[in-house]
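Summary of the model geometry
Here is how the chains run, residue by residue.
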Amino acid sequence: MPIRTTAAIAFEPGKPMVVEEVDLDPPGEGEVLVQTGAAGLCHTDLDVLDGSSPIPITFPVVLGHEGAGVVLEVGAGVRNLKPGDHVIAFGPECGLCGSCRHPTGNFCDSTFSGVVVDPTMTSGGRAIRAGYAIGTFAKHFVTDQIRLVGVRKDAPFDEISYLSCGATTGIGAAVVSANVHSGASVIIFGLGGIGLNIIQGARMAGATTIIGVDINPAKAAIARRLGATAFVNPLVAGDGLVGLLNEMTHGGADFTFEAAGRISTMQQALAAARIGWGVCTIVGVAPAGETIDVLPFDLIMGRKLQGTTLGGFRGSQLPELVDWLMEGRFDLKSLITDHLPLEKINEGYDKMRRGEGLRSVLTF
Ligand code: PAD
Ligand code: ZN
């Protein structure tokens with residue numbers, strides 16, 4: 001029997017989502033039905049909604065890849081989860097493929113397999129897909145067990161839903177992918193839901209110079225509260241931005257991060273990394289088809305350019321991250337500036353377009 005629930009459906013790119021009732025297919029083999037407790041609004045979904053994302057997603061679709069909730073029902077063959085468990089949706093970890101068997105791989109071979117799978121919902125006779133094979137912008141969602149991680153039950157849903165992507169990506173970019181070391185100098189371009197967590201990760205790793213760069217001056221105070229030692233506004237620095245950053249880091253930073261999702265800031269992040277050993281990590285997702293210009297000599301001079309998905313973390317590492325959260329080692333509470341009902345999801349994304357607030361979370 002299908003499960004009657006409510007979901008925010010994106011019918012076509014560039015149009016607001018429509019919140020309406022849908023019939024969700026019950027969990028099949030290896031699948032799990034989750035009652036959504038909270039779902040975070042990530043910029044990646046905004047780019048998909050606006051039609052500029054390189055991620056291959058077919059409309060109509062229920063988006064949302066950040067989410068946490070309670071398991072209601074499990075399909076045949078589900079090994080590690082049972083009704084009542086609290087779970088976080090995350091990038092898949094099948095445990096068997098080349099990536100999962102690699103010591104540092106976190107891009108499971110099944111990552112994109114779900115994006116084009118058969119529709120899993122219907123509304124008014126129309127077939128609807130679950131975005132990223134998850135689709136958390138709904139009161140319930142069904143997904144594969146390899147995209148869910150069971151976690152302790154005392155952790156609040158709004159905060160752990162942010163660990164589905166944004167917070168984990170930011171913290172992991174610093175502590176896992178770039179492996180920032182103590183005493184390091186770090187520059188972060190773009191202080192949104194991701195960049196602010198890169199600041200927290202850099203602070204946890206013991207970096208002593210942490211420079212936040214954002215065109216929105218409202219980000220300065222929160223950046224400093226989370227551990228930034230300086231804030232630079234590119235609109236004030238103008239063409240001298242990279243020169244100023246080089247001066248502040250005595251010739252370039254040990255680690256730079258791009259979390260604004262723009263080619264221009266990617267170029268700046270690479271140029272702001274120290275000749276000899278600076279590592280530039282691309283976290284932001286640039287519009288489809290756009291490319292970065294890299295002078296081979298920049299790399300020959302010892303700069304390194306790399307990218308990261310989900311900060312290099314695997315799902316099986318999330319329970320430890322939840323422990324860190326509950327121990328107060330990093331702060332997500334002050335980053336969640338809006339709690340919205342599903343019906344107001346478009347307002348949440350309008351706020352993100354206007355650059356207002358930090359992170360919006362849907363609560364159910
Ligand atoms: P957000 O909209 O909350 O933040 C973006 C920030 O960038 C805002 O504070 C802007 O003011 C700032 N910004 C814009 N232009 C500039 C500029 N020229 N210079 C400096 N700052 C600027 O987005 P978010 O933090 O949710 O996401 C950021 C990017 O990370 C986005 O491209 C998203 O798609 C990507 C992402 N990547 C992964 C991954 O696994 N690699 C995961 C999740 C999100
Ligand atoms: Zn995301």
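Taken together, the neighbourhood of ligand 1 is formed by 29 residues, with H43, I194, D214, K219 and T308 sitting nearest. Taking V285, its main chain carries an N or O atom lying 3.0 Å from an oxygen atom of ligand 1. Calculation on ligand 1 without its partners gives an accessible area of 870 Å², and the protein chains cover 90% of this total. Of the residues contributing to the shell around ligand 1, the split by class is 13 nonpolar, 12 polar and 4 charged. Split by domain, the shell around ligand 1 shows at least three residues from each of two domains, domain 1 (3-164 + 331-363) and domain 2 (170-308).

Looking at the element boundaries, P156 is found in the loop between β10 (148-151) and α3 (157-162). Through-space distance from the C-alpha of P156 to that of A8 is 23 Å; in sequence the pair is 148 residues apart.

Before going further, it helps to examine the coordination of the zinc ion (ligand 2). Protein coordination at the zinc ion (ligand 2) comes from C42 (SG), H65 (NE2) and C165 (SG), with a distance range of 2.0 to 2.3 Å. Mapped onto the sequence, the residues coordinating the zinc ion (ligand 2) show the spacing C-x22-H-x99-C. You can see C42 sitting in the loop between β3 (31-40) and α1 (43-50) and its partner C165 sitting in the loop between α3 and α4 (166-177), a full 123 residues away along the chain. For the pair shown, C42 and C165 are each scored as buried.

Attention shifts here to the domain arrangement of the protein chain. Here the protein chain is described as being made up of domain 1 (3-164 + 331-363) and domain 2 (170-308). Just the C-alpha atoms count here: the centres of domain 1 and domain 2 sit 28 Å apart. Between domain 1 and domain 2, the contact holds 13 residues from the first and 13 residues from the second. In this assembly, domain 1 packs against domain 2 so that about 1,000 Å² is buried in total across both faces, 59% of it on carbon and sulfur atoms. Looking at the side of domain 1 facing domain 2, the largest losses of area belong to P54, L335 and L358, adding up to 38% of the total buried there. Put simply, domain 1 and domain 2 have 0 salt bridges between them.

The next point concerns the layout of surface pockets. Rolling a probe over the atoms, with the probe sized like a water molecule, indicates the empty space that remains. Approximately 290 Å³ is the volume attributed to the second largest pocket. Surrounding the second largest pocket, 15 residues form its lining, N80, E93, Q145, I146 and L148 being those nearest its centre. Taken together, the residues of the lining of the second largest pocket break down into 5 nonpolar, 7 polar and 3 charged.

Okay, the packing of helix α5 (residues 195-204) against helix α6 (residues 219-226) next. Between α5 and α6, the least distance of the axes is 9 Å, while the angle of their chain directions is 25°. Classified by the angle between their axes, α5 and α6 sit roughly parallel to one another. Note on packing geometry: the crossing formed by α5 with α6 is right-handed. In this structure, α5 uses L196, I199, Q200 and R203 to contact α6, whose residues at the interface are I222, A223 and L226. Across the contact of α5 with α6, the residue classes break down as 5 nonpolar, 1 polar and 1 charged.

Each value, and the rule that gives it
- Residues numbered from 1 in each chain as written.
- Chains lettered and ligands numbered in written order.
- Predicted model: local features only at pLDDT ≥ 70, side-chain atom pairs only at ≥ 80, totals over all residues.
- Heavy atoms only, no water.
- Near = heavy atom within 4 Å.
- Polar contact = N/O pair within 3.5 Å; in protein donor to acceptor, adjacent residues only side chain to side chain.
- Areas by Shrake-Rupley, 256 points an atom, 1.4 Å probe, with all protein chains shown as cover.
- Nonpolar A, V, L, I, M, F, W, Y, C, P; charged D, E, K, R; others polar.
- Domains from an automatic or database assignment.
- Helix = DSSP H or I, 4+ residues; strand = E, 2+ residues; numbered from the N terminus.
- Donors = N, O, S within 2.8 Å, 3.2 Å for Na, K, Ca; no water.
- Buried < 20%, exposed > 50% of the residue type's maximum accessible area, 1.4 Å probe, protein only.
- Contact = heavy atoms within 4.5 Å.
- Buried area = accessible area lost by both parts, 1.4 Å probe.
- Salt bridge = Lys/Arg side-chain N within 4 Å of Asp/Glu carboxyl O.
- 1 Å grid on protein atoms, 1.4 Å probe; cavity = no way out; pocket = protein on both sides within 12 Å on 5 of 7 lines; lining within 4 Å.
- Points joined across faces, edges and corners; volume = space filled by probe spheres on them.
- Axes fitted to C-alpha atoms, helices over the stretch in contact; angles between N-to-C directions.
- Parallel < 35°, antiparallel > 145°, perpendicular 65-115°, else oblique.
- Left-handed = near helix turned anticlockwise from the far one by under 90°.

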